[in-house]
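A closer look at the structure
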Amino acid sequence: LEAPDRGGASREEQGELAVQALLASGEQPDAIFAATDLLAIGAARALRAAGLSVPKDVALVGFDGIPSAAHASPALSTVEQDSEVAGQLLVEALLDLSAGRELAGTPIPVRLVARESSASAD
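Let me begin by describing the structure that accompanies this report. All values derive from a computational prediction rather than experimental measurement.

Topic: the pattern of salt bridges
Tallied over the full model, the rule gives 3 salt bridges. Close ionic contact of Arg45 with Glu16 constitutes a salt bridge, the shortest N to O distance being 2.8 Å. Note that Arg45 is positioned in helix H2 (residues 37-49) and Glu16 in helix H1 (residues 11-24), a separation of 29 residues in sequence.

And the structure:
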């Protein structure tokens, strides 16, 4: 899913534009997994504007685990990565690259933080 190119658009605006484009194409997803929490927050705004309910009509999950995800409306489910480990692995990768060593490809630990945006409120 790609949003129309609008230079300078914030991540939230990009998420909103992408969902607007998706809905305009006639597609209505059951769920959206956004590459970032900010994109998901914009997606939620576009879904609401189209008269769709999150999560009743469309479940929504972001990726990052930013603190504001818990305060979004509805509270955003997210895949939270271990930022400390990610930072350590990045430094190790840069050192390996600069020394001409092969990268280890170590995965970063993540956990799903389920909130209102992906759970039915029945």
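Some thoughts on a nonpolar patch on the surface
Taken together, the side chains of Leu90, Leu94, Leu97 and Leu103 define a hydrophobic patch exposed on the protein surface, amounting to about 400 Å² of accessible area. For Leu103, the location among the structural elements is in the loop between helix H3 (83-98) and strand S4 (110-113).

Considerations on the pairing of strand S3 (residues 77-81)
Sheet topology note: the strand S2 (residues 59-64)/S3 ladder contains 4 bridges and is parallel. Residue Gly62 lies in a different strand from S3, and its bridge partner there is Thr78. Sheet topology places S3 next to S4; 4 bridges connect them, and they run antiparallel. The partner of Thr78 across the bridge, within S4, is Val113.

Regarding empty space enclosed by the protein
With the rule as written, the count across this model stands at 1 cavity of 30 Å³ or more. The calculated volume of the largest cavity comes to roughly 40 Å³. Counting residues per element, the lining of the largest cavity draws most heavily on H2, which supplies 3 residues. A per-class count over the lining of the largest cavity returns 8 nonpolar, 2 polar and no charged.

How each quantity is defined
- Residues numbered from 1 in each chain as written.
- Predicted model: local features only at pLDDT ≥ 70, side-chain atom pairs only at ≥ 80, totals over all residues.
- Heavy atoms only, no water.
- Salt bridge = Lys/Arg side-chain N within 4 Å of Asp/Glu carboxyl O.
- Helix = DSSP H or I, 4+ residues; strand = E, 2+ residues; numbered from the N terminus.
- Patch = residues over 30% accessible without salt bridge, like charges linked within 9 Å, V, L, I, M, F, W, Y side chains within 5 Å.
- Areas by Shrake-Rupley, 256 points an atom, 1.4 Å probe, with all protein chains shown as cover.
- Pairing = 2+ DSSP bridges.
- 1 Å grid on protein atoms, 1.4 Å probe; cavity = no way out; pocket = protein on both sides within 12 Å on 5 of 7 lines; lining within 4 Å.
- Points joined across faces, edges and corners; volume = space filled by probe spheres on them.
- Nonpolar A, V, L, I, M, F, W, Y, C, P; charged D, E, K, R; others polar.

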